[in-house]
Amino acid sequence: MNRIEKVKTFWACAQDEWSNWIERAKKSWRFFYGDQWDADVKAQLANLKKPALTFNKIKPIIRNMSGWQRQNRQDPRIVARQGGLKELADVFTELLKYFYDTSNAPWKISQQFMDGVICGKGWLAVDIDYEKDPLTGELLLTRENPLLVWEDPYSQRYDLSDARFVIRGYWLDKSEIEARFPKVRKELSAGLTTVHPMETSRLGVETKDYEISSREMALNLEKYRYLVKECYWREWVEKNLLINLNTLEVQEVKKSDDELQSLINQYPFLRTVKRVVPVLNLTTMVGDVVCQDLEKPFGDISFFPLIRYCSEYIIADKTYVKGEVEDLIDPQQEINKRRSQALHLINTSANSGFIFDDDTFAGLPAERMKLENRGSEAGIDIMKRKGSYLERITPIPLSNALITLDKIADDDIKKISGVNPDLLGFKEEAGTSGILMNLRRQSGLTTIEPVFDNFAWSQQLLAETLLEFVRKTDILSDEEIANVVDLEKLKIPIDIIKSRKVGKYKVVLTTSSSATTVRMMNFAMLMELVKAGFPVPPEILLKYGDIPGAEEMLAQLEQAKQARMPAEAPVETPAGVPPGVPEFPAEYVT
């Protein structure tokens, strides 16, 4: 099987295996946004003049989880491991912070989290953009549409280290495709007419695909967008690797065994091994037209430049992915239908009808017509024949079972999601202590901890990917790194940057102590100590409370403290010893 046929096989496999998840994901998105009624059911209710109400209980739960993540963002820190340098690890940490700030990475990371919580998967992609810098390019981070990324469905590892492929899709029109891939302009004119209808869409329409004939497409190629498929795939190849035992640097070599042995005899710190290693490939296609086919698109980087986050990740015979919304759909539908039915019963019971004799309106046809058309109006006057019977039918009261079941469904949503009222910020009972509230929030967070645990792993994978791009590509020159990082402040010589490909480094995630939720909880616990009579210094309260003017008040407290302190007596130093230098014992003096 040649390279192109292999990519086509990957695409067919992804389409078959992920089609069910895509439909479930689309439904989850609809319910999050509030589109919670099937179109046919809603039309049927409208014909029957029955309401179709939507009380979106899902959105505040998902927004709460997203808000918690945004208020507790984590910062990556690089630490040196085997063969790594601590000084260089500090440089890498500063570079990642710089990239996060300049690429709006915190927002994109939070959007990835929200995508994953809603539909099950969120994706970020790392790439090199040559638009502004044609020579070395710029590092680019993008949030990808989770419905347009297909990974190997038979991968068993969360980090996709065992995956065969990852396909990223995006929509372009004919002129954009020709601009990006000028070498295939001739093939495009004929090739686009054979593109599958599901891989085409009309310009200006984001979500609906249109089935179009080949003849219509041939006449109107400029009116459509086409699905461009970037397939990153790996093949395993046996290679000779040269290893520097001092620095652990690994390099591929293409020499004979005799030449390698001679090199080792000359440099004893070198070793050669034969290993089967992955090689990254990139094949881009539009329909059956191959736009590009590259080996090693990012040099020595062999892992996928797409980072996945899964809210719920289950490994069985294959990978199962599910978002947090999917389990809430049934109770949400129950709430909508029950509320709509309750409103319908109230509306119909308000005009429950009348009981009257057959001669009540004898000779008064206009009055009977008035009763039929306006009988539900307040204060209406009806004339009837004297001595005849006319009485409004007493409406049946709304069943308490409807109200009870509605509350049960509402509670079910909170129990299923694990987001309790304390996490949602609902009003507490009077007298509830801050510590008890905090314990309840922690209990709710424990239930949804796997959601955040998976996300922490994804953030670590992102930082490791960015680090490898900095270390193993020429995206940043030594001079550019020196301009970004204050080497003088870190007391690091510029020559050390040249060793950035040497050694091993690890990413550690830390939650900033200045995060809003952390500060609020710390302040609440401190206030509970104050209420209990514990003497908490006011400086501590000002430090952990988001109080306007706190810095000025801290400065005034410090000045008052200094003014109350007695003046220190001058310290006598031994003769011959300069001030500030400690006196050493005689046995240490040479």
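Residues numbered from 1 in each chain as written. Predicted model: local features only at pLDDT ≥ 70, side-chain atom pairs only at ≥ 80, totals over all residues. Heavy atoms only, no water.

Engineer: What is the right way to read the pattern of salt bridges from this model?
Structural biologist: Should their charged atoms come close, side chains of opposite charge can pair. Overall, the coordinates contain 21 salt bridges when judged by the stated rule. Lys86 serves as the salt-bridge partner of Asp90, at 3.4 Å between the closest nitrogen and oxygen. With a gap of 4 residues between them, Asp90 and Lys86 both fall in helix H4 (residues 86–102), about one helical turn apart. Asp90 gets classed as partly exposed once you look at its relative accessible area, which sits at 28%. Across the pair Glu468 and Arg471 runs a salt bridge whose closest N-O atoms are separated by 3.7 Å. Here Glu468 pairs with Arg471, and both are found in helix H15 (residues 449–472), just 3 residues apart, close to one helical turn. Residue Arg471 is classed as buried on the basis of its relative accessible area, which comes to 5%. Among the charged side chains, a salt-bridge network with shared partners connects Asp127, Glu144, Arg168 and Glu230. (Salt bridge = Lys/Arg side-chain N within 4 Å of Asp/Glu carboxyl O. Helix = DSSP H or I, 4+ residues; strand = E, 2+ residues; numbered from the N terminus. Buried < 20%, exposed > 50% of the residue type's maximum accessible area, 1.4 Å probe, protein only.)

Engineer: Sorry if this is basic, but what is going on with the state of the cysteines here?
Structural biologist: Cysteine pairs can be linked by a disulfide, which is a covalent bond between their two sulfur atoms. One pass over the structure, following the stated rule, counts 0 disulfides. We note that Cys310 lacks a disulfide partner, and the nearest cysteine sulfur, in Cys119, lies 9.4 Å from it. Here Cys310 falls in the buried class, since its relative accessible area comes to 0%. (Disulfide = S-S within 2.5 Å.)

Engineer: Looking at this structure, I do not really get the environment of Trp233. What am I missing?
Structural biologist: Tracing the backbone shows Trp233 in strand E7 (residues 224–244). Residue classification places Trp233 among the buried positions, given a relative accessible area of 0%. With 230 residues separating them along the chain, Trp233 and Arg3 place their C-alpha atoms 10.0 Å apart. In this structure Trp233 touches Arg3, Lys6, Val7, Phe10, Arg164, Phe165, Val279, Leu280, Asn281, Leu282, Thr283 and Phe304, once residues within four positions along its chain are discounted. (Contact = heavy atoms within 4.5 Å.)

Engineer: I would appreciate a short explanation of the nonpolar core in the present structure.
Structural biologist: Proteins that are soluble and globular tend to have nonpolar side chains buried together. One finds Trp150 and Leu462 to be the most contacted residues of the largest nonpolar core, which totals 90 residues. Per-element accounting of this core gives the leading share, 12 residues, to helix H1 (residues 3–33). When sequence neighbours within four positions are dropped, the list of residues in contact with Trp150 reads Trp11, Ala14, Gln15, Trp18, Ile22, Phe165, Val166, Ile167, Gly169 and Leu227. Counting residues in hydrophobic clusters, the runner-up holds 14 residues, among them Phe181, Leu188, Leu192 and Tyr226. (Core = buried A, V, L, I, M, F, W, Y, C linked by side-chain atoms within 4.5 Å.)

Engineer: Hey, could you run me through the packing of helix H3 (residues 58–71) against helix H5 (residues 105–119) in this one?
Structural biologist: Describing two packed helices takes the angle between their axes plus the distance from one axis to the other. Across the interface, H3 lies against H5 with an axial gap of 10 Å and an inter-helix angle of 150°. Between H3 and H5, the interaxial angle falls into the category roughly antiparallel. The two elements H3 and H5 cross, and the hand of that crossing is right-handed. Listed contacts from H5 to Ile62, Arg63, Met65, Ser66, Gln69 and Arg70 of H3 are Trp107, Ser110, Gln111, Phe113, Met114, Val117 and Ile118. Per-class residue counts for the contact of H3 with H5 are 7 nonpolar, 4 polar and 2 charged. (Axes fitted to C-alpha atoms, helices over the stretch in contact; angles between N-to-C directions. Parallel < 35°, antiparallel > 145°, perpendicular 65-115°, else oblique. Left-handed = near helix turned anticlockwise from the far one by under 90°. Nonpolar A, V, L, I, M, F, W, Y, C, P; charged D, E, K, R; others polar.)

Engineer: Sorry, what's going on with H1 here?
Structural biologist: Residue pairs three or four apart in sequence face the same way in an α-helix, which turns once every 3.6 residues. Relative to the 45 Å expected for 31 residues at 1.5 Å per residue, H1 spans 41 Å between its end C-alpha atoms, a close match to the ideal helical length. Gly34 occupies a position one or two residues after H1 and carries a positive phi of about 110°. (Expected span 1.5 Å × (residues − 1).)

Engineer: What's the story with the confidence of the model for the protein chain in this structure? I'm lost.
Structural biologist: In low-pLDDT segments, the atomic positions of the prediction should not be examined closely. Mean pLDDT for the protein chain: 80, with 81% of residues reaching 70 or above. Scored below 50 in pLDDT, residues 205–212 makes 16 contacts in the model with residues more than four places away or belonging to other chains. In this model, residues 573–590 is a region of pLDDT below 50 whose contacts with residues beyond four sequence positions or in other chains number 3 contacts. (pLDDT = per-residue confidence, 0-100.)

Engineer: Even after reading the chapter, I still don't get the pairing of strand E5 (residues 165–173), so can you show me in this structure?
Structural biologist: For a regular strand, side chains alternate in direction, first toward one face of the sheet and then toward the other. Within E5, 8 of the 9 residues are buried, which leaves it mostly tucked inside the rest of the structure. Relative to E5, strand E4 (residues 149–151) is paired through 3 bridges, and the arrangement is antiparallel. Looking at E5, one finds that Glu151 is bridged to Val166. Note that E5 and E7 share 9 bridges and pair antiparallel. Bridge assignment links Val166 to a residue of E7, and that residue is Tyr232. (Pairing = 2+ DSSP bridges.)

Engineer: When you look at unusual backbone geometry in this model, what are you seeing that I'm missing?
Structural biologist: Across residues other than glycine, the phi torsion is negative in most instances, and most of the peptide bonds are trans. A positive phi is found at Asn104, a non-glycine position, where the angle reads about 55°. Locating Asn104 in the fold gives a position in the loop between H4 and H5. Phi is positive for Lys296, close to 55°, though the residue is something other than glycine. With respect to the element layout, Lys296 can be found in the loop between strand E10 (289–295) and strand E11 (306–310). Here Lys296 falls in the partly exposed class, since its relative accessible area comes to 29%.

Engineer: Help me understand the packing of aromatic side chains in this model?
Structural biologist: Considering all chains together, one arrives at 18 aromatic pairs under this definition. Ring geometry for Trp29 against Tyr33: centres 5.6 Å apart, planes inclined by 25°, an arrangement best described as stacked. Of this pair, Trp29 and Tyr33 both sit in helix H1, 4 residues apart, roughly one helical turn. Of the residues examined, Tyr33 reaches a relative accessible area of 56% and is grouped as exposed. Ring centres 4.9 Å apart and planes at 65° place the aromatic pair Phe113 and Phe455 in the edge-to-face group. Separated by 342 residues along the polypeptide, Phe113 in helix H5 and Phe455 in helix H15 bring together distant segments of the chain. Each residue in the set Phe113, Tyr309, Phe452 and Phe455 is aromatic and connected to the rest through ring pairs, giving one cluster. In this structure, Lys121 is placed above the aromatic ring of Trp18, and the distance from its NZ or CZ to the ring centre is 3.7 Å. (Phe/Tyr/Trp six-rings, centres within 6.5 Å; stacked < 30°, edge-to-face > 60°. Lys NZ or Arg CZ within 6 Å of the ring centre and 35° of its normal.)

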